[in-house]
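In case you want the letters, here they are:
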Amino acid sequence: MELIISVLAGTDEGIVKRFNDFPISIGRLPDNDFQLNDSFVSRRHCIIYNDDIILIVSDLKSTNKTILNTKIIYEPHSITNGDKLIIGKNLLLITVK
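Note that this is a predicted model, so its numbers are computed, not measured.

Caption draft 1: Layout of the overall build of the protein chain. Helix and strand counts for the protein chain come out as zero helices and 11 strands. Counting from the amino terminus, helix and strand elements in the protein chain follow one another as β-β-β-β-β-β-β-β-β-β-β. The C-alpha atoms of the protein chain give a radius of gyration of 12 Å, which matches the 13 Å a tight globule of 97 residues would have. In terms of overall dimensions, the protein chain has C-alpha extents of about 35 × 25 × 25 Å along its principal axes. A total of 97 residues make up the protein chain; the buried ones form 39% of that total. A separation of at least 24 residues holds for 36% of the contacts in the protein chain among residues at least 6 apart in sequence. For the protein chain, the exposed surface amounts to about 5,500 Å²; the carbon and sulfur share of it is 51%. Each charge class in the protein chain can be summarised by its mean position, and for the 11 positive and 12 negative side chains these summaries are 6 Å apart.

If you want it as structure tokens, here you go:
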């Protein structure tokens, strides 16, 4: 399974990265797998992992929350091809191949 994360709009617009290994950490610190340089993004904001069948996104108690398709997530939630995440001031598109 390949996951592509594309920043469609926001502070980090234009960043695109492909992943085949999980979990994927997303946050402001440079040691995250997907780094966002946005002050509204927590140092360790959220994580995407797979359970061999589906992909799951989990917020890591971030200050500004993780929004999946316009809804704040409070517990791990499955994600699929075409889903959108808002992290800080960034709109991310999830593509699954």
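Caption draft 2: Quick peek at the packing of aromatic side chains. Enumeration over the complete set of coordinates arrives at one aromatic pair. Where F19 meets F34, the ring centres are 6.3 Å apart and the plane angle is 65 degrees; that geometry is what we call edge-to-face. One end of the pair, F19, is in strand β2 (residues 16-19); the other, F34, is in strand β4 (residues 34-35), and 15 residues separate them in sequence. Judged by relative accessible area, F34 falls into the buried class, the value being 1%.

Caption draft 3: The side chain of S25, seen in detail. Here S25 lies in strand β3 (residues 24-27). The class of S25 is buried, set by a relative accessible area of 16%. Here the side chain of S25 touches N32 through a polar contact of 3.2 Å, side chain to side chain.

Rules used in this analysis
Residues numbered from 1 in each chain as written. Predicted model: local features only at pLDDT ≥ 70, side-chain atom pairs only at ≥ 80, totals over all residues. Heavy atoms only, no water. Helix = DSSP H or I, 4+ residues; strand = E, 2+ residues; numbered from the N terminus. Rg over C-alpha atoms; globule rule 2.2 N^0.38 Å. Buried < 20%, exposed > 50% of the residue type's maximum accessible area, 1.4 Å probe, protein only. Contact = heavy atoms within 4.5 Å. Areas by Shrake-Rupley, 256 points an atom, 1.4 Å probe, with all protein chains shown as cover. Lys, Arg positive; Asp, Glu negative; His and termini not counted. Charge placed at Lys NZ, Arg CZ, Asp CG, Glu CD. Phe/Tyr/Trp six-rings, centres within 6.5 Å; stacked < 30°, edge-to-face > 60°. Polar contact = N/O pair within 3.5 Å; in protein donor to acceptor, adjacent residues only side chain to side chain.

These values are about where atoms sit, not about what they do.
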